[in-house]
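# Coordinate analysis (summary)
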Amino acid sequence: MASVLDSSPKQKKKKKKRKENSLYFKYREISSSSSFLYFFPSQTVTGNFAKVIHGLNANQLTDQVIQRSKRMILDTLGVGLLGTSTEVCHKVAQYSKIYCSDLSSTIWGHLDFRLPPLYAAFVNGVAVHSMDFDDTWHPATHPSGAVLPALIALSEAFPQKKKISGLDLLLAFNVGIEVQGRLLHFSREARNIPKRFHPPAVVGVMGSAAACAKLLALDQLECKNALAIAASYAGAPLANAATQIKPLHVGNAAKHGLEAACLALQGLQGNKQILDMESGMGAFYTDYSPQNLPTLQSYPWLLDQQDVAIKRFPAHLATHWVADAASSVRRKLLDSSENLFPLDKIEKVVLKVPEVKYVNRPSPASEHEARHSFQFVACSALLDGSMSVQSFTSENVHRPALRALLCKTQLEHPPDNTPSFDSLYCEVSVTLRDGNTISDRCTTFYGHWRKPLKKEDLEKKFQSNALGILPTEAMEGIIETVHSLEKVEDCSVLSTFLSGQSARALPEKLRFL
């Protein structure tokens, strides 16, 4: 594959200088001298976004934003490592091997497998979402998977003399998260669980482009163009939910965002008002109403105001309310049945959930359909008491006891149960043949932003996901590195650990600022 950063005719004069830097990337040092740009306010929302992307600096990251984003990073790396073992990840990795380049980046969980940065971002992004185990935000999207794989792949492509610090990575990551959140807040429609398209394929690619633009230190004009280019990559129909194609939405968002930033770096130009227009980002939302971002002074990060949900098992977020309610009902049933689950005495199971059509699957036939089934998760939790990665194996999906219970399960959609991750609830009721009904309701599950996972439980999730993919030393190295990420001098140490190497491989990279 030709370099994704080959110079356009307009850029030929700069080509020699880039080669001298051993990389076709142009990297500009960010300095306080750029502050003069703030005296010229943009007349468009797109220009305003470009100014903020360009102008935000690491000193503006709050302690809470840093802590929350490090949790997101650790969780995303863990689910991505686990995802490398999935069939869909194997298929896209095999496909991507046809591409080659002088530049290469790590494929997570592989010591001797590297790809050009674009395709490393793609494969690792697919891995992150391959089990629907990645974080979820409000308004609804999966924010980290579209951004982190692109940034890690890009960070490996910089020349050795220009190290990307952990703080550089944190800043770019949060710029990408921020852009996604701000775009989602331009639509009230976006606050509910989506119906027509998968949000990471729309706002995720924009966040990836913004994050990569930040890491590349693009100027304001180039940031505008990166957003315009990314918008032309945006979109993926929700009809592909619960199939092997859905993880590609996140992989493509990571890849295309990185590509958009690289093309903007080459001088490719697009519509400078892409965020302002009904035919721009407004094409995805019927009630799109863009606004300027807050001023750079004392910038209020959305992640400070709204944390993410981190999943305890790999399935659509809405099913996590179902799992907790069903597990509680199971405990009540055991208490009244001498610790024996009364499967043969169950007359019916009623789930009161919001109306989300693509999570209404009465008889899922595959692991991907099971991950998007209120009914499957409820019945699994009733039978087993909890959900895990193993709940979605073919053996468990097709076991006779579960199939029998699915036939007795029905959904109800109370009018007050709105399809929003911020307000929905689930009530599970099991009616026995003797007429008794056992019920419980979940309004906030453990892992939701109102009830976040404890640090030790987040680390246990990461270790469980990485087990069997990485050696223990590499796992511990990732946890330690992410924990102190804002102090890490060279964040490429993450790639070292993600490939399975231990700290002894590159001890010089373990210096802290």
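This one's a predicted model, so the numbers in the text were calculated from it and none came from an experiment.

Moving on to the nonpolar core. One finds Leu-77, Leu-183, Met-206, Leu-275 and Ile-478 to be the most contacted residues of the largest nonpolar core, which totals 118 residues. The greatest single-element share of this core, amounting to 10 residues, is contributed by helix H7 (residues 166–184). Core analysis: the next-biggest nonpolar cluster, separate from the first, contains 51 residues, Ala-140, Cys-379, Leu-411 and Ile-438 among them.

The mixed open sheet is built from four strands, whose spatial order is S4-S3-S5-S6. The open sheet has two edge strands with one neighbour each: strand S4 (409–412) and strand S6 (437–442). On average, each strand axis in the sheet is inclined to that of its neighbour by 15 degrees, with strand direction left out of account. In the sheet, strand S3 (residues 346–352) pairs with S4 via four bridges, with the strands oriented parallel. Its bridge partner being in S4, Val-349 is matched across the sheet by Thr-409. Most of the contacts of helix H12 (residues 319–335) go to S6, to which it runs at about 145 degrees, and overall it touches strand S5 (426–432) and S6.

Attention now goes to the side chain of Ser-144. Along the chain, Ser-144 turns up in the loop between helix H5 (117–129) and helix H6 (148–155). Judged by relative accessible area, Ser-144 falls into the buried class, the value being 0%. Leaving out residues up to four positions away in the same chain, Ser-144 has contacts with Met-72, Thr-76, Asp-135, Pro-149, Phe-173 and Ile-177.

What follows deals with helix H2 (residues 45–55). Within H2, 11 of the 11 residues are buried, leaving the element largely enclosed by the surrounding structure. For H2, the full list of buried residues reads Val-45, Thr-46, Gly-47, Asn-48, Phe-49, Ala-50, Lys-51, Val-52, Ile-53, His-54 and Gly-55. Contacts made by the buried residues of H2 are with H7, helix H8 (203–215) and helix H9 (220–231).

The next thing to look at is empty space enclosed by the protein. Under the counting rule described, the total for this entry stands at six cavities of 30 Å³ or more. Here the largest cavity is characterised by a volume of approximately 120 Å³. The wall of the largest cavity is formed by 15 residues, among which His-142, His-198, His-316, Tyr-358 and Phe-421 lie closest to the centre. Tallied by class, the residues present in the lining of the largest cavity amount to seven nonpolar, five polar and three charged. In this structure, the second largest cavity spans a volume of roughly 60 Å³. Surrounding the second largest cavity, His-129, Ser-130, Met-131, Asp-132, Ala-242, Thr-243, Lys-246, Pro-247, His-368, Arg-371 and His-372 form its lining.

With that out of the way, let us pick up the packing of helix H3 (residues 63–83) against helix H18 (residues 472–483). Their axes nearest at 9 Å, the elements H3 and H18 cross at an angle of 160 degrees. Here H18 runs roughly antiparallel to H3, going by the angle between their axes. In the crossing of H3 with H18, the sense of the turn from one axis to the other is right-handed. Counting all contacts with H3, which are made through Lys-70, Ile-73, Leu-74, Leu-77 and Leu-81, the residues of H18 involved are Ile-478, Ile-479, Val-482 and His-483.

A few words on helix H4 (residues 87–96). Turning to H4, its buried residues are Val-88, Cys-89, Val-92, Ala-93 and Ser-96. For H4, the arc enclosing every buried residue in end-on projection is 130 degrees, short of the 170-degree limit, so these residues lie on one face.

Right, let's get into the packing of H2 against H9. For the pair H2 and H9, the least separation of the axes is 8 Å and the interaxial angle reads 115 degrees. For the element pair H2 and H9, the recorded crossing hand is right-handed. In this structure, H2 contributes Thr-46, Gly-47, Phe-49, Ala-50, Lys-51, Ile-53 and His-54 to the contact, and H9 contributes Gln-220, Cys-223, Lys-224 and Leu-227. Tallied by class, residues from the contact of H2 with H9 come to five nonpolar, four polar and two charged.

A few words on the packing of aromatic side chains. For the coordinates displayed, the defined rule picks out 12 aromatic pairs. Ring centres of Phe-49 and Phe-186 lie 5.9 Å apart, and the angle between their planes is 70 degrees; on these two criteria the pair is classed as edge-to-face. Highlighted residues: Phe-49 in helix H2 and Phe-186 in the loop between H7 and H8, separated in sequence by 137 residues. Neither Phe-49 nor Phe-186 differs from the other in exposure class; each is buried. Ring geometry for Trp-321 versus Phe-421: centroids 6.4 Å apart, planes at 5 degrees, classification stacked.

Looking now at the confidence of the model for the chain. One rule of thumb: low pLDDT means the predicted coordinates there are not for detailed reading. Here the chain averages 90 in pLDDT, while 90% of its residues score no lower than 70. pLDDT under 50 marks residues 1–42. Its contacts with residues more than four places away, or in other chains, come to 75 contacts.

A word on the environment of Ile-229. Tracing the backbone shows Ile-229 in helix H9. Separated by 20 residues in the primary sequence, Ile-229 and Ala-209 place their C-alpha atoms 8.7 Å from one another.

For the rest of this paragraph, the subject is the environment of Gly-447. By secondary structure assignment, the location of Gly-447 is in the loop between S6 and helix H17 (455–466). Sequence separation of Gly-447 and Lys-311 is 136 residues, and the distance between their C-alpha atoms is 5.9 Å. Once residues within four sequence positions are removed from consideration, Gly-447 is found in contact with Val-308, Ala-309, Ile-310 and Leu-453.

Thresholds, definitions, all that
- Residues numbered from 1 in each chain as written.
- Predicted model: local features only at pLDDT ≥ 70, side-chain atom pairs only at ≥ 80, totals over all residues.
- Heavy atoms only, no water.
- Core = buried A, V, L, I, M, F, W, Y, C linked by side-chain atoms within 4.5 Å.
- Buried < 20%, exposed > 50% of the residue type's maximum accessible area, 1.4 Å probe, protein only.
- Helix = DSSP H or I, 4+ residues; strand = E, 2+ residues; numbered from the N terminus.
- Pairing = 2+ DSSP bridges.
- Axes fitted to C-alpha atoms, helices over the stretch in contact; angles between N-to-C directions.
- Contact = heavy atoms within 4.5 Å.
- 1 Å grid on protein atoms, 1.4 Å probe; cavity = no way out; pocket = protein on both sides within 12 Å on 5 of 7 lines; lining within 4 Å.
- Points joined across faces, edges and corners; volume = space filled by probe spheres on them.
- Nonpolar A, V, L, I, M, F, W, Y, C, P; charged D, E, K, R; others polar.
- Parallel < 35°, antiparallel > 145°, perpendicular 65-115°, else oblique.
- Left-handed = near helix turned anticlockwise from the far one by under 90°.
- Arc of directions from axis to C-beta.
- Phe/Tyr/Trp six-rings, centres within 6.5 Å; stacked < 30°, edge-to-face > 60°.
- pLDDT = per-residue confidence, 0-100.

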